[in-house]
There are 2 protein chains.
Amino acid sequence: MPRNKELNEKIKDERREQILLASLELFASKGLSATKITHIAQKSGISQGLLYHYYSSKEEIFTDLVKTAFERLNMACKYLYNLDVPPQKKIRYGMESILENLAVSDSSANYHLLIAHASLSEDIPVEAKAIIQKENQVPYDIIEKILREGQKEGTIKKHDAKDMAVLYWTTVKGLAMHKAVHPRKFVPPDINILMSMFLIDQ
Amino acid sequence: MPRNKELNEKIKDERREQILLASLELFASKGLSATKITHIAQKSGISQGLLYHYYSSKEEIFTDLVKTAFERLNMACKYLYNLDVPPQKKIRYGMESILENLAVSDSSANYHLLIAHASLSEDIPVEAKAIIQKENQVPYDIIEKILREGQKEGTIKKHDAKDMAVLYWTTVKGLAMHKAVHPRKFVPPDINILMSMFLIDQ
DNA sequence: GTCTATATCCAGATAGAC
DNA sequence: GTCTATCTGGATATAGAC
């Protein structure tokens, strides 16, 4: 019966989405170890037993989310790189959209916090570590490339491009953390301050 | 016998130091929840049972360390504020010493990571939360004050001082995290890049 | 003060009924 | 597919011997 099979698949997908969403919120706010499988089940609105029909462990969910987090981030970076605007606009626009996403408190912010937790803690699954090891470099490289192009055009400061790329992303991570401490009253700072690290004044 | 009492006190102090040092390293690398009391005892070189003669729980150790972390940080900020140099030098010197401390990988770096973990995770003891709530503001306020003084003297940019203070510290937190991901090959970025957010070019 | 042994508890994971 | 009940293991904390 292909009808049932199809429906089951759909249910399965929906359940997985529920679980992932609930887990993301919990992992983003507590990290891996402090998040209990019971909480995930509760927040997902399903029983604990059922959870194991979709994921075989907490770690698997975590790793799955880390993978998605980097896919999204790296995708956004590639999109940014391919925009048809001059380099200095890319740098500004990229930071602008990240700050906006942080501010509106949707799952984008949670993905950033998830990455923060995953980066900060030694105690994560080896699979997740491998993903970080491999994917974490991508955003740095892309921003660095954009910065170099801007330097050629004379719109980006002549500091070491690698250093600037590091500061670009550490600032983002720092702001994501800052938001974690002040969840409700987070106001993104004036972007021009940040831009003065990279852009030559006009 | 006052002799024995004195010696016991000394032993007790030393043990406490051992425990705190071991815990700091573990908490800095794994966070509260993933750090097991067994690991702490092992790393301290004492038995698990003995640990409970010095601290009544993991949470107590954690809270104790968070308290110390902020005491140190706030002390350093006050020291910085009272230096007899112009504001823009304070801003630069403060950031310089933090980056140095991060790079040489001593316990200073671990205290920063501890604060990062504590800030990032919802799942920490209420006492620790209260400390963060209360003490976290101090460094921001001091840097803001220094920045305002610099603005009066015309050496600091005229951006919103609160925003700049936020960025000062989020950059530090971000860099501490960045170091956590690349423990061995961390090279502090060119400080002039950071300073261009705050200092008027000369 | 310090250890080993043990009790308690809770989280993770499984089994089996519906 | 979903639940409740249960098993198992590990982590926290205590007890008691030295």
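Our subject is the structure listed above.
Worth saying up front: this structure is predicted, and the values here are computed from it rather than measured.

Let's talk about the protein's contact with DNA strand D
- Around DNA strand D sit 16 residues in total, of which R15, S47 and Y54 of chain A together with Q48 and Y52 of chain B are the nearest.
- Restricting attention to atoms of DNA strand D within 4 Å of the protein, one finds that 63% of them are sugar or phosphate atoms.
- Within the side chain of R15 of chain A, a nitrogen or oxygen atom sits 2.8 Å from a phosphate oxygen of DNA strand D.
- Taking K58 of chain B, its side chain carries an N or O atom lying 3.4 Å from a phosphate oxygen of DNA strand D.
- Put simply, the parts of the chain that give the surface near DNA strand D at least two residues each are α1 (2–30) and α3 (48–54) of chain A together with α3 (48–51) of chain B.
- In terms of residue count, α3 of chain A provides more of the surface near DNA strand D than any other element does, 4 residues in total.

Side note on the relation of the copies chain B and chain A
- When chain B is fitted onto chain A, the two copies agree to an RMSD of 0.0 Å after a turn of 180° and an axial shift of 0.0 Å. Here the two chains are linked by the operation of a two-fold rotation axis. For chain B, the minimum C-alpha distance to the rotation axis belongs to G174 of chain B and amounts to 2.0 Å.
- Taken as a fraction of all interface residues of chain B, those also at the interface in chain A reach 100%, which identifies the copy contact as same-surface.

Some points on the environment of E17 of chain B
- Structurally, E17 of chain B is set in helix α1 (residues 2–30).
- As for E17 of chain B and V138 of chain B, which are separated by 121 residues in sequence, their C-alpha atoms are 26 Å apart.

A short note on empty space enclosed by the protein
- A complete count under the given rule lists 3 cavities of 30 Å³ or more for this structure.
- Roughly 210 Å³ of internal volume is contained in the largest cavity.
- Considering the residues around the largest cavity, the lining is formed by 23 residues, among which K30 and G31 of chain A together with K30, G31 and H117 of chain B are closest to the centre.
- Only α6 (107–120) of chain A together with α6 (107–120) of chain B provide two or more residues apiece to the lining of the largest cavity.
- No other element matches α6 of chain B, which puts 3 residues into the lining of the largest cavity.

Section: the pattern of salt bridges
- One pass over the structure, following the stated rule, counts 10 salt bridges over all chains.
- As a salt-bridge pair, R92 of chain A and E96 of chain A come within 3.9 Å of each other at their nearest N and O atoms. Of the two residues, R92 of chain A and E96 of chain A are both situated in helix α5 (residues 87–103); the distance of 4 residues between them amounts to about one turn of the helix.
- Look at E96 of chain A and you get partly exposed, because its relative accessible area is 30%.
- One salt bridge in this structure joins K43 of chain B and E25 of chain B, with 3.1 Å as the shortest N-O distance. With a gap of 18 residues between them, K43 of chain B in helix α2 (residues 37–44) and E25 of chain B in helix α1 connect regions that are remote in the sequence.
- Judged by relative accessible area, K43 of chain B falls into the partly exposed class, the value being 45%.

Thresholds, definitions, all that
Residues numbered from 1 in each chain as written. Chains lettered and ligands numbered in written order. Predicted model: local features only at pLDDT ≥ 70, side-chain atom pairs only at ≥ 80, totals over all residues. Heavy atoms only, no water. Near = heavy atom within 4 Å. Polar contact = N/O pair within 3.5 Å; in protein donor to acceptor, adjacent residues only side chain to side chain. Helix = DSSP H or I, 4+ residues; strand = E, 2+ residues; numbered from the N terminus. Least-squares fit on C-alpha atoms with pLDDT ≥ 70 in both. Contact = heavy atoms within 4.5 Å. 1 Å grid on protein atoms, 1.4 Å probe; cavity = no way out; pocket = protein on both sides within 12 Å on 5 of 7 lines; lining within 4 Å. Points joined across faces, edges and corners; volume = space filled by probe spheres on them. Salt bridge = Lys/Arg side-chain N within 4 Å of Asp/Glu carboxyl O. Buried < 20%, exposed > 50% of the residue type's maximum accessible area, 1.4 Å probe, protein only.

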